[in-house]
Amino acid sequence: MIGHTFDYSEVLKLKAACAEHFPDHVHFHDGCGGQYFSLDAKNDALRDFICDYFHDLGLTAEFTDDGTIFTIFENKA
């Protein structure tokens, strides 16, 4: 899978969608090493929401073992 690069408008859409259903904050990190997102704490319901959100866009969210950091990948065609 290939990592997906976001523009800020896409990030804002994700943050707004999550905020409609959860009080947790989704943080976006963009640097020389690539882009990723993080949560303040593990939340299985929010993780499932994020996975479904990106699945509907043809993308995959991959979370770290602790469930607080995730990266988005494009699905192979």
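Nothing here was measured: the structure is a model prediction, and the numbers come from that model.

### Details of the nonpolar core
Inside soluble globular proteins, nonpolar side chains tend to come together where they are buried.
Phase 1: One finds F37, I50, F54, F70 and I72 to be the most contacted residues of the largest nonpolar core, which totals 16 residues.
Phase 2: Broken down by secondary-structure element, the contributors of at least two residues to this core are helix 1 (8-21), strand 3 (34-39), helix 2 (44-55), strand 4 (59-63) and strand 5 (69-74).
Phase 3: What F54 contacts, discounting residues up to four positions off in sequence, is F6, L14, L59, A61, F70 and I72.

### Quick look at the environment of G58
Phase 1: Relative to the helices and strands, G58 is located in the loop between helix 2 and strand 4.
Phase 2: The sequence separation of G58 and E74 amounts to 16 residues, and the corresponding C-alpha distance is 6.8 Å.
Phase 3: Ignoring any residue separated from it by four or fewer positions in sequence, one finds G58 in contact with E74 and N75.

### A word on the pattern of salt bridges
Phase 1: Taken as a whole and assessed by the stated rule, the structure comprises two salt bridges.
Phase 2: A salt bridge links R47 to D44, with the nearest nitrogen and oxygen atoms 3.0 Å apart. In this pair, R47 and D44 are both assigned in helix 2, three residues apart and thus about one turn of the helix distant.
Phase 3: The class of R47 is partly exposed, set by a relative accessible area of 27%.
Phase 4: A residue is classified by how much of its surface remains accessible, and D44, at 39% relative accessible area, is partly exposed.
Phase 5: The salt bridge partner of R47 is D48, with a shortest N-O separation of 3.2 Å.

### A look at the environment of T68
Phase 1: Relative to the helices and strands, T68 is located in the loop between strand 4 and strand 5.
Phase 2: Not counting chain neighbours up to four residues away, the residues in contact with T68 comprise F37, S38, L39, A41 and K42.
Phase 3: Polar contacts involving the side chain of T68 include one to the side chain of D66, which spans 2.9 Å.

What counts, and at which threshold
Residues numbered from 1 in each chain as written. Predicted model: local features only at pLDDT ≥ 70, side-chain atom pairs only at ≥ 80, totals over all residues. Heavy atoms only, no water. Core = buried A, V, L, I, M, F, W, Y, C linked by side-chain atoms within 4.5 Å. Buried < 20%, exposed > 50% of the residue type's maximum accessible area, 1.4 Å probe, protein only. Helix = DSSP H or I, 4+ residues; strand = E, 2+ residues; numbered from the N terminus. Contact = heavy atoms within 4.5 Å. Salt bridge = Lys/Arg side-chain N within 4 Å of Asp/Glu carboxyl O. Polar contact = N/O pair within 3.5 Å; in protein donor to acceptor, adjacent residues only side chain to side chain.

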